[in-house]
Amino acid sequence: MTVILWILAALLALYLLACLVIALLACRRFSGAWDPMKGLTHATDKLLAPYRDMIDAGSDWLLSHPSEPVELTSFDGLRLRARLYVNPEAKALLVACHGYRSSGVRDFASAMRFYHDHGMSILLIDQRAAGESEGRYITFGVRESVDVRDWCALMQQRYPQLPILLAGISMGASSVLMTADDLPDHVAALLADCGYDDPWGEFRYVARHYMTPAAVLLVPGVDLFCRLICGFGLKERSASAALRRTKLPVFFVHGEADELVPCGDSQRNREACAGPTAIFTVPGAAHGFSYLLDPEGYHKAVGEFLRAFVFSEERVRR
């Protein structure tokens, strides 16, 4: 009996150790030469190679335009930073939220000229624990969603005459959707590219898809350490729950070949919406590749959405 107890204790210790390591690898900010997540965060560079000219042209265009640094103190005391690209003829403002371990330039540069040419100023934020913003832990949209709300409130104070389009990609999309029911009045619409519902579901999917079906048993332990160390729970906030409580228009984008966040996640989030929706899916597009594979289709679909909900005469009168 004693041997069995020791074996069970050892298995429990190994389980907890594995969950601790996963939680820290997933959530901890790494900087400097040693970055165990570098292989993951740069895994798409080879896939991006065919679109390098488009990406570089977008980056050059963005970086050639003057920008203004903007700062915000988060609800938990972090100094968050962003870059504001002012369009003197702006009819609206885009607040853009990048994805997991990425940046605004990496995720949005290719599409920024489209939004600028449609009469928008652009705020590219650095999510907490990314870029120039402070923070030790990434929280997969749970705390980022509150930051996103506060960025919108700050922009509403600064530009009270402009409607706001709040957009995000991947984790940034989930951050946008999770705060859908708690946004300032000037937010006119949301755009979510390849977002998930909640971190719990995304962790379970990644465990099943990239490890083994049994790996989902690790998720409760990961959730425990996320709560104890990183300050958030994997079930703490949900995109679908927030969408049920708002009538804001939402435009969903998703690649049909997305293996990191399945296209069905956007379909389910869309079904939860209480307000008007539209969706644009791209056959063959992997995670975050929809714009790169079909920019013309994206321009057409998003342009129609902007005219209907951001630049509409009814919105302007309000």
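No experiment lies behind these values; they were computed from the predicted model shown.

## Observations regarding unusual backbone geometry
Line of reasoning, step 1. A positive phi angle, close to 50°, is found at Arg101, a residue other than glycine.
Line of reasoning, step 2. If you trace the backbone, Arg101 turns up in the loop between β3 (92-97) and α5 (104-117).
Line of reasoning, step 3. One non-glycine residue, Cys194, adopts positive backbone phi at about 55°.
Line of reasoning, step 4. Along the chain, Cys194 turns up in the loop between β6 (187-193) and α8 (199-211).
Line of reasoning, step 5. A relative accessible area of 1% places Cys194 in the buried class.

## Structural notes on the packing of aromatic side chains
Line of reasoning, step 1. Counted under the stated rule, the structure contains nine aromatic pairs.
Line of reasoning, step 2. Ring plane angle 75° and centroid distance 6.0 Å describe the contact between Tyr51 and Phe289, whose orientation is recorded as edge-to-face. Of the two residues, Tyr51 is situated in the loop between α3 (45-48) and α4 (52-64) and Phe289 in the loop between β8 (277-282) and α12 (290-293); the sequence distance between them amounts to 238 residues.
Line of reasoning, step 3. Residue Phe289 is classed as buried on the basis of its relative accessible area, which comes to 6%.
Line of reasoning, step 4. On the basis of an interplanar angle of 85° and a centroid distance of 4.9 Å, the ring pair of Tyr291 and Tyr298 is categorised as edge-to-face.
Line of reasoning, step 5. For Tyr291, a relative accessible area of 12% corresponds to the buried category.
Line of reasoning, step 6. Under the relative-accessibility criterion, Tyr298 is labelled buried at 5%.
Line of reasoning, step 7. Sitting over the ring of Phe311, Lys91 keeps its end group 4.8 Å from the ring centre.

## Here's the deal with the pairing of strand β1 (residues 68-73)
Line of reasoning, step 1. When β1 meets strand β2 (residues 79-85), the two strands line up antiparallel, connected through six bridges. The residue of β2 that forms the bridge with Pro69 is Arg83.
Line of reasoning, step 2. Connecting β1 to the antiparallel partner β2 that follows it, the hairpin turn spans five residues, and Gly77 within it adopts a positive phi of roughly 90°.

## Quick notes on a nonpolar patch on the surface
Line of reasoning, step 1. Taken together, the side chains of Met1, Val3, Ile4, Leu5, Ile7, Leu8, Leu11, Leu14, Leu17, Val21 and Leu25 make up a nonpolar region of the molecular surface, amounting to roughly 1100 Å² of accessible area.
Line of reasoning, step 2. The residue Leu8 is located in helix α1 (residues 2-27) in this model.

## Focus: the environment of Ala188
Line of reasoning, step 1. With respect to the helices, strands and loops of the structure, Ala188 is situated in strand β6.
Line of reasoning, step 2. Given the relative accessible area of 4%, Ala188 is considered buried.
Line of reasoning, step 3. Along the primary structure Ala188 and Leu165 are separated by 23 residues, whereas in three dimensions their C-alpha atoms are 5.9 Å apart.

## Observations concerning the sheet that holds β2
Line of reasoning, step 1. Spatially, the eight strands line up as an open sheet ordered β1-β2-β4-β3-β5-β6-β7-β8, and their pairing is mixed. Across the chains shown, the open sheet's two edge strands, defined by having one partner strand only, are β1 and β8. Each neighbouring strand pair of the sheet contributes to a mean axis angle of 20°, computed without reference to strand direction.
Line of reasoning, step 2. Bridge count for strand β7 (residues 250-255) against β8 is six bridges, and the pairing is parallel. Each bridged residue has a counterpart across the sheet, and for Val253 the counterpart in β8 is Phe280.
Line of reasoning, step 3. Where α5 meets the sheet, its contacts fall on β3, β4 (120-125), β5 (164-169) and β6, and the angle it forms with β4 comes to roughly 175°.

## Thoughts on the pattern of salt bridges
Line of reasoning, step 1. Summed over all chains, the structure comprises 14 salt bridges.
Line of reasoning, step 2. Between Arg227 and Asp223 there is a salt bridge, with the nearest N and O atoms lying 3.3 Å from each other. Of the two residues, Arg227 and Asp223 both sit in helix α9 (residues 219-230), four residues apart, roughly one turn of that helix.
Line of reasoning, step 3. One continuous salt-bridge network, built from bridges that share partners, spans Asp76, Arg128, Arg143 and Asp147.

## Thoughts on the side chain of Ser175
Line of reasoning, step 1. Turning to its location among the elements, Ser175 is positioned in helix α7 (residues 171-178).
Line of reasoning, step 2. When residues no more than four places from it in sequence are discounted, the contact partners of Ser175 are Gln127, Gly141, Glu144, Ser145 and Val148.

## Concerning the side chain of Ser74
Line of reasoning, step 1. By the secondary structure assignment, Ser74 is in the loop between β1 and β2.
Line of reasoning, step 2. Classification of Ser74 by relative accessible area gives buried; the value is 6%.
Line of reasoning, step 3. Of the polar contacts made by the side chain of Ser74, one reaches the side chain of Asp76; its length is 2.5 Å.
Line of reasoning, step 4. When residues no more than four places from it in sequence are discounted, the contact partners of Ser74 are Leu80, Arg128 and Asp147.

## A short note on the state of the cysteines
Line of reasoning, step 1. For the coordinates displayed, the defined rule picks out zero disulfides.
Line of reasoning, step 2. As a non-bridged cysteine, Cys97 has Cys152 as the owner of its nearest cysteine sulfur, 7.0 Å distant.
Line of reasoning, step 3. Classification of Cys97 by relative accessible area gives buried; the value is 0%.
Line of reasoning, step 4. Not part of a disulfide, Cys194 finds its nearest cysteine sulfur in Cys263, a span of 9.9 Å.

Thresholds, definitions, all that
One numbering rule holds for all chains: residues counted from 1, following each sequence as written. A pLDDT threshold of at least 70 governs which residues receive local features in this predicted model, and a stricter bar of 80 or more applies before side-chain atom pairs are shown or counted, although totals over entire chains, interfaces and linings include all residues. Each side-chain value is worked out from all heavy atoms of the structure, with water and hydrogens disregarded. Counting from the N terminus, the helices are the DSSP runs of H or I reaching at least four residues and the strands are the DSSP runs of E reaching at least two. Relative accessibility decides the category of a residue: with a 1.4 Å probe and only protein chains considered, values under 20% of the type maximum give buried, values over 50% give exposed, and everything between is partly exposed. Note on aromatic pairs: the rings of Phe, Tyr and Trp (six-membered ring only in Trp) are paired at centre separations within 6.5 Å, and the planes decide the class, stacked below 30 degrees, edge-to-face beyond 60, tilted for the rest. In this analysis the charged atom, NZ for Lys or CZ for Arg, is taken to sit over a ring once it is within 6 Å of the ring centre and within 35 degrees of the ring normal. Pairs of strands are assigned from DSSP output, requiring at least two bridges between the strands. To count toward a patch, a residue needs a relative accessible area over 30% and no salt bridge; like charges are then connected within 9 Å, while nonpolar side chains (Val, Leu, Ile, Met, Phe, Trp, Tyr) are connected within 5 Å. All accessibility values rest on the Shrake-Rupley procedure with a 1.4 Å probe; residue burial counts only the protein chains present in the view. The salt bridge definition used is simple: a Lys or Arg side-chain nitrogen within 4 Å of an Asp or Glu carboxyl oxygen. For helices, the fitted line uses only the C-alpha atoms of the stretch in contact; every axis is such a line through C-alpha atoms, and the angle between N-to-C directions lies from 0 to 180 degrees. Every residue pair with non-hydrogen atoms within 4.5 Å of one another is taken to be in contact. Identification of polar contacts relies on pairs of N or O atoms within 3.5 Å, with a donor-acceptor requirement for protein atoms, meaning one able to donate a hydrogen and the other able to accept it, and with residues adjacent in sequence counted only if both atoms are side-chain atoms. Our working definition of a disulfide is a cysteine sulfur pair at a distance within 2.5 Å.

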